[in-house]
Amino acid sequence: ILFIAYKAFFANQSFFFINRIILLLVIGFGFFGPLLATAFNAGITWGDLRIPGGQIGGNTISETLNEFIVRPGNNSTGVSLIGIIGLIYFAGVALQLGKFGRNFYTLMRLLIKSEKIKTGWFTYVLLPEGSASFSFFNRLFLDKKLLDEGLESNQIIAHEQIHSRQKHSVDIILLEILVVVQWFNPFIYRLKKSVVENHEYLADRGTLNSIPDISAY
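Q: Could you clarify how one ought to interpret the layout of surface pockets in this entry?
A: If you add up the space inside the largest pocket, you get close to 720 Å³. Lining the largest pocket are 25 residues; nearest its centre among them are F134, S135, F136, I172 and E176. At the level of secondary structure, the elements contributing two or more residues to the lining of the largest pocket comprise α4 (76-113), β7 (134-136), α5 (151-165), α6 (168-181) and α7 (186-210). Counting residues per element, the lining of the largest pocket draws most heavily on α4, which supplies eight residues. Along the lines of polarity and charge, the residues of the lining of the largest pocket split into 10 nonpolar, nine polar and six charged. In this structure, the second largest pocket spans a volume of roughly 320 Å³. In terms of lining, the second largest pocket is formed by 16 residues, of which the most central are I1, V26, F29, G30 and N185. Of all the elements in the fold, those that place two or more residues in the lining of the second largest pocket are α1 (2-9), α2 (16-42) and α7.

Below, the structure is given as structure tokens:
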């Protein structure tokens, strides 16, 4: 619901910093929303605070849910169905964890094997010619030709520096973790696309503010 509201009211606006905050709130709700919903429905007690579960037909939600709990030996079909759903879910989690691990391994391998230049806060990781540029925290992965070229390459480097300074890697890591646990949710992938697009808008704006000739960008 929060993501739909974002797309309806904020996605087409140019308040990119505010959009980033909203998207981070959506990511946070993706982590804690299911836990809060479970706590509400089950009426979990935290210290002296009890969250009511509400009522359905005069019974509390937790009491109503108890009627649908499948107990061992009572309904083997229900147990097997739950088992199958659980198996599919954890298989998806394992698959996404594998993708996350593979991408992280590739990144670390590039970082270790590539030539590096340390300049102040930034570490430039030099990639083969024709490679796409990207950043990971204060590591800027760049086509090695860019450091020897003129204004255009400087703009690309400035663009990646904005990503690094604004800690966009934090958002991406949180999203990747959320994809692992909610891989079945189609909105997660649209959320990821929106976050990446907003990062690019933020980096473009920061780069435009840092160069003297906007038309060259």
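Q: When you look at the side chain of N19 in this model, what are you seeing that I'm missing?
A: Tracing the backbone through its elements, the reader meets N19 in helix α2. Given the relative accessible area of 1%, N19 is considered buried.

Q: Got a minute to help me understand the packing of α1 against α7 in this structure?
A: For any two helices packed against each other, one specifies the inter-axial angle together with the distance between the axes. Following both chains from N to C, one finds α1 and α7 inclined at 40°, their axes separated by 11 Å at the closest point. Here α1 lies oblique to α7, going by the angle between them. Remark: the crossing between α1 and α7 carries left-handed chirality. Residues F3, I4, Y6 and K7 of α1 form the contact with α7, whose own contacting residues are F187, R190, L191 and S194. In the contact of α1 with α7, the residues fall into five nonpolar, one polar and two charged.

Q: What am I meant to see in the nonpolar core here?
A: Where a protein is soluble and globular, its nonpolar side chains tend to be buried together. Grouped together as the largest cluster of nonpolar side chains are 12 residues: F3, Y6, I22, L23, V26, I27, L175, L178, V179, I188, L191 and V195. For this core, the element with the most residues is α2, which contributes four residues. Excluding residues that lie within four positions of it along the chain, I27 makes contacts with D171, L174, L175, L178, L191 and V195. One finds F122, Y124, L140 and I157 within the second-largest nonpolar core, a separate group that totals seven residues.

Q: I tried to follow the environment of Q96 on my own but got confused; where do I start?
A: Its location among the elements puts Q96 in helix α4. A C-alpha to C-alpha distance of 5.1 Å links Q96 and V180, two positions 84 residues apart in sequence. Leave out the neighbours within four places in its chain, and Q96 touches V179, V180, W183 and Y189.

Q: Sorry, what's going on with the packing of α6 against α7 here?
A: Axis separation between α6 and α7 bottoms out at 10 Å; the angle between their running directions is 175°. Considered as vectors, α6 and α7 are oriented roughly antiparallel to each other. Between α6, through H168, D171, I172, L175, E176, L178 and V179, and α7, the contact on the second element is made entirely by I188, Y189, L191, K192, V195, V196, H199 and L202. Across the contact of α6 with α7, the residue classes tally to 10 nonpolar, two polar and three charged.

Q: Got a minute to help me understand the packing of aromatic side chains in this structure?
A: The description of an aromatic ring pair rests on the distance of the ring centres and on the angle between the ring planes. As enumerated under the stated definition, the model contains seven aromatic pairs in all. With a centroid separation of 5.1 Å and 75° between ring planes, the pair formed by Y89 and F90 is classed as edge-to-face. Owing to a relative accessible area of 58%, F90 belongs among the exposed residues under this scheme. Both rings, one in F136 and one in F137, keep their centres 4.9 Å apart while their planes meet at 85°; by these two values the pair is edge-to-face.

Q: Please clarify how α7 should be interpreted in this entry.
A: Because an α-helix completes one turn every 3.6 residues, residues spaced three or four positions apart along the sequence face the same direction. Over its 25 residues, α7 runs 37 Å from end to end, which matches the ideal 36 Å to within 8%, given 1.5 Å per residue. The complete set of buried residues in α7 reads I188, L191, S194, V195, N198, H199, L202, A203, G206 and T207.

Reading the values: rules and limits
Counting restarts for each chain: residues are numbered from 1 in the order of the written sequence. Predicted model: local features are reported for residues with pLDDT of at least 70 only, side-chain atom pairs are reported and counted for 80 or more only, and whole-chain, interface and lining totals are derived from all residues. Side-chain measures here rest on the full set of heavy atoms in the structure, leaving out hydrogens and waters. Definitions used for this entry: grid spacing 1 Å over protein atoms alone; cavity, a set of points where a 1.4 Å probe fits but cannot get out; pocket, an open set with protein on both sides within 12 Å along at least 5 of 7 lines; lining residue, one with an atom within 4 Å of a point. Grid points are joined across faces, edges and corners, and a volume is the space filled by probe spheres set on the points. What counts as a helix is a DSSP run of H or I of at least four residues, what counts as a strand is a run of E of at least two, and both are numbered from the N terminus. Each residue gets one label: Ala, Val, Leu, Ile, Met, Phe, Trp, Tyr, Cys and Pro are nonpolar, Asp, Glu, Lys and Arg are charged, and the others, such as Gly, are polar. Only protein chains enter the calculation, and the probe is 1.4 Å; a residue is then buried if its accessible area is under 20% of its type maximum, exposed if over 50%, and partly exposed in between. Note on geometry: axes are lines fitted to C-alpha atoms, helical ones only across the stretch in contact, with angles between N-to-C directions running from 0 to 180 degrees. In this scheme, roughly parallel covers angles under 35 degrees and roughly antiparallel covers those over 145, while 65 to 115 is roughly perpendicular and the rest are oblique. The handedness criterion is simple: a crossing whose near helix is rotated anticlockwise from the far helix by less than a right angle is left-handed, and one whose near helix is rotated clockwise is right-handed. Contact definition: two residues touch when any of their heavy atoms are within 4.5 Å. Take the buried Ala, Val, Leu, Ile, Met, Phe, Trp, Tyr and Cys residues and link them wherever side-chain atoms come within 4.5 Å; each set so joined is a nonpolar core. The aromatic pairing rule takes the rings of Phe, Tyr and Trp, using the six-membered ring of Trp, and pairs them if the centres are within 6.5 Å, calling planes under 30 degrees apart stacked, those over 60 edge-to-face and the rest tilted. The span you would expect from a helix comes to 1.5 Å times its residue count less one.

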